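Analysis of the macromolecular model
For reference, the chains in residue letters:
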Amino acid sequence: MSRERFVVHLPVLAADLDGARGFARAICRALGFLADVERAGTTVSREDEQSVRHWVWCDRPRDDGGRRCARAADHDGDCGGR
């Protein structure tokens, strides 16, 4: 039997988009030991624009065997691991 998937919305205060993304990255690192946390799908949005989501992680496919990029979204340079 497969389990259902849910999205947890956790409102936080941040000074700007970069601050919100940084906070989300810290939460992902802190909860990284939990197998059911899907880090790659993490997004942030403004409270009054929740339909406009901004990716936290790059997650593009890399050229080294199908692994995904683990760097922050909108990073400079080539995709890579952590």
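Refer to the structure presented above.
What you see is a predicted model; the values in this text were computed from it and never measured.

Here's the deal with the pattern of salt bridges
Under the defined criterion, the tally for this structure stands at 3 salt bridges. The closest approach of N and O atoms between R3 and D36, which form a salt bridge, is 2.7 Å. A residue pair is termed long-range when its members are at least 10 positions apart, and R3 in the segment before helix 1 (17-30) and D36 in the loop between helix 1 and strand 1 (43-46) qualify at 33 residues. Taken as a pair, R3 and D36 share a single burial class, namely exposed. Between E38 and R5 there is a salt bridge whose closest N-O contact spans 2.6 Å. With a gap of 33 residues between them, E38 in the loop between helix 1 and strand 1 and R5 in the segment before helix 1 connect regions that are remote in the sequence. Using a relative accessible area of 45% as the deciding quantity, one classes E38 as partly exposed.

Description of unusual backbone geometry
The phi dihedral of D59 falls on the positive side, at around 65°, and the residue is not glycine. Of note, D59 is situated in the segment after strand 2 (49-55). Accessibility expressed as a relative area gives 22% for D59, which makes it partly exposed. Located in the positive-phi region is D74, a residue other than glycine, with phi close to 60°. Structurally, D74 can be placed in the segment after strand 2.

Calculation rules
- Residues numbered from 1 in each chain as written.
- Predicted model: local features only at pLDDT ≥ 70, side-chain atom pairs only at ≥ 80, totals over all residues.
- Heavy atoms only, no water.
- Salt bridge = Lys/Arg side-chain N within 4 Å of Asp/Glu carboxyl O.
- Helix = DSSP H or I, 4+ residues; strand = E, 2+ residues; numbered from the N terminus.
- Buried < 20%, exposed > 50% of the residue type's maximum accessible area, 1.4 Å probe, protein only.

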